[in-house]
Amino acid sequence: MAQVLDADRLADHLQRAGNRLAPLYTVSGDEPLLVTEAGDALRAAGRAACYPERLSMVMDARSDWSAVIAATQSVSLFGDRRILELKIPTGKPGKPGADTLARLAEQAEKQADNPDTLILVSLPRLDKATREGRWMQALGRGGMMVDIASVERGRLPAWVGQRLARQNQRADNATLQWMADKVEGNLLAAHQEIQKLGLLYPEGQLAAEDVERAVLNVARYDVFGLRDAMLAGDIARTIRMIDGLRAEGEALPLVLWAVGEEIRLLARVAEARSLGQDANGLMRRLRIFGAHERLALQALGRVRPDVWPAAVQHAHEVDRLIKGLSVPGRLSDPWEEMTRLALRVAAAGNRP
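No experiment lies behind these values; they were computed from the predicted model shown.

Draft legend 1. Broad picture of the sheet that holds strand β2 (residues 24–29). On the basis of which strands lie adjacent, the open sheet formed by six strands has the order β1-β6-β2-β5-β4-β3 and parallel pairing. Edge positions in the open sheet fall to β1 (3–5) and β3 (53–58), since each of these has one partner strand only. Taking each pair of neighbouring strands and ignoring which way they run, the sheet shows an average axis angle of 20 degrees. As judged from the five bridges shared by β2 and strand β5 (residues 117–123), these two strands associate in the parallel manner. Paired with T26 across the two strands is V121, which belongs to β5. Set on the sheet, helix α2 (residues 32–48) makes contact with β2, β3, β4 (82–87), β5 and β6 (144–148); between it and β2 the angle comes to about 165 degrees.

Draft legend 2. Main features of the pattern of salt bridges. The full count for this structure, using the stated rule, is 27 salt bridges. Its salt-bridge partner being D60, residue R62 comes within 3.6 Å of it at the nearest N-O pair. With a relative accessible area of 76%, R62 lands in the exposed category. Through salt bridges with shared partners, a single ionic network connects R153, D181, E184, R237 and R240.

Draft legend 3. Inspection of the layout of surface pockets at higher detail. Here the second largest pocket defines a volume of roughly 520 Å³. Lining of the second largest pocket is provided by 19 residues; of these, A7, D8, L34, R163 and R166 occupy positions nearest its centre. Of all the elements in the fold, those that place two or more residues in the lining of the second largest pocket are α1 (7–17), α2, β6 and α7 (156–166). Looking at which element gives the most residues to the lining of the second largest pocket, the answer is α7, with five residues. When the residues that make up the lining of the second largest pocket are grouped by side-chain class, the tally is eleven nonpolar, one polar and seven charged.

Draft legend 4. Fine view of the packing of helix α3 (residues 66–73) against helix α4 (residues 94–110). Where α3 meets α4, the axes come as close as 10 Å, and the angle between the chain directions of the two elements is 20 degrees. Taken as axis vectors, α3 and α4 run roughly parallel relative to one another. As α3 packs across α4, the resulting crossing turns out to be right-handed. Contacts between α3 and α4 involve V68, I69, T72 and Q73 from the former and T100, R103, L104 and Q107 from the latter. Looking at the contact of α3 with α4, its residues break down into three nonpolar, four polar and one charged.

Draft legend 5. Highlighting helix α13 (residues 252–274). Its 23 residues give α13 an end-to-end C-alpha distance of 32 Å, which sits within 8% of 33 Å, the value for a rise of 1.5 Å per residue. Just downstream of α13, G276 is the residue with a positive phi angle, here 75 degrees.

Draft legend 6. Molecular detail of the nonpolar core. If you look at the biggest cluster of nonpolar residues, it comprises 44 residues, and the most contacted ones within it are M230, V255, I263, L266, W308, M338 and L341. Those elements giving two or more residues to this core turn out to be α11 (223–232), α12 (235–247), α13, α14 (279–285), α15 (290–302), α16 (307–322) and α17 (334–346). Excluding residues within four positions of it along the chain, V255 makes contact with V223, L226, L245, E250, W335 and M338. By size, the runner-up hydrophobic cluster in this structure holds 42 residues, among which are L10, L42, L118 and V146.

Draft legend 7. Structural view of the packing of α7 against helix α9 (residues 187–200). The N-to-C vectors of α7 and α9 enclose an angle of 40 degrees; their axes lie 10 Å apart at closest approach. By the angle class used here, α7 and α9 are oblique. Pair α7 / α9 crosses with right-handed handedness. Two secondary-structure elements touch here, α7 through L156, W159, V160, R163 and L164 and α9 through L187, A190, H191, I194 and L197.

Draft legend 8. Region of interest: the side chain of R237. Residue position: R237 is located in helix α12. Setting aside its immediate chain neighbours within four residues, R237 contacts R153, E184, G225 and A229.

Draft legend 9. Structural detail: the environment of G91. With respect to the secondary-structure elements, G91 resides in the loop between β4 and α4. When the C-alpha positions of G91 and D8 are compared, they lie 23 Å apart, and in sequence the two are 83 residues distant. With residues up to four places along the chain from it excluded, the contact list for G91 reads L123, P124, L126, T130 and W135.

How each quantity is defined
- Residues numbered from 1 in each chain as written.
- Predicted model: local features only at pLDDT ≥ 70, side-chain atom pairs only at ≥ 80, totals over all residues.
- Heavy atoms only, no water.
- Pairing = 2+ DSSP bridges.
- Helix = DSSP H or I, 4+ residues; strand = E, 2+ residues; numbered from the N terminus.
- Axes fitted to C-alpha atoms, helices over the stretch in contact; angles between N-to-C directions.
- Contact = heavy atoms within 4.5 Å.
- Salt bridge = Lys/Arg side-chain N within 4 Å of Asp/Glu carboxyl O.
- Buried < 20%, exposed > 50% of the residue type's maximum accessible area, 1.4 Å probe, protein only.
- 1 Å grid on protein atoms, 1.4 Å probe; cavity = no way out; pocket = protein on both sides within 12 Å on 5 of 7 lines; lining within 4 Å.
- Points joined across faces, edges and corners; volume = space filled by probe spheres on them.
- Nonpolar A, V, L, I, M, F, W, Y, C, P; charged D, E, K, R; others polar.
- Parallel < 35°, antiparallel > 145°, perpendicular 65-115°, else oblique.
- Left-handed = near helix turned anticlockwise from the far one by under 90°.
- Expected span 1.5 Å × (residues − 1).
- Core = buried A, V, L, I, M, F, W, Y, C linked by side-chain atoms within 4.5 Å.

Rendered as structure tokens:
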């Protein structure tokens, strides 16, 4: 079974490994900052382990993968060991690429003790079917898998606090929550704001007013963040997300799709529950799993079953408003009615 590391465990692994690195590391994830940092750490460890040369190649299904094999077999003029970095932005190497990666993994597995080439493979987050594919399984056997998870909203204040601690600064919980609101969904911007605080203020406790003066509102709102806020019953965040999407010029039909489709799916699950059917099996068929499943179950436990059909009808009416049609009993501004629809779920079961 492949050994899987997260970002924190990768740092510990590299510190312990010293000059005895694995021959192959596969990094996957969708958070640019964390993926970049993992790559930087691996390259630095490679240089420290006497891999002075570096060759980077960006590949996809249409690339000439024979060049990759040639790069592992060629020897530099001075016989130096090298880092071969393969970036596959699409996550789809095609059949020639898949065969080449499997072959590289087999070679790495045989040369684990003293490899001449340290191979770093960079991939986006992959779906379950791809992760279970032959070439990915081979990469796992040939070396280490580094799975870079996104930082969920609930973990963001602690993440900001940890980053501040790296530069010997700290802030109270209220300030960390405030910063999380401002940088939500944009870790690269969060990283820049934290670094800016390190330049502007001395080590130690940061005053809330100093942080507020320094930090920009760099939140990047997205429809799935809105969906998650709605399911979590976070009323303030739901309203803030919709206001942010509107201010950023997001297409309202896309916002309705994210909210309305979620309501329709959970209405089906709620109905299955009320009829004594296999609701968990239905959720798997609807591809509701992981963090999404936890939030969905939270919403199903909070919202009464009879609320869901009314919410589905409300979504249809918002769609009519977006198309310029009037709906009796509804506000004329479709964005305002969109907010009311999301709050049907977010505010359900919440006491004032």
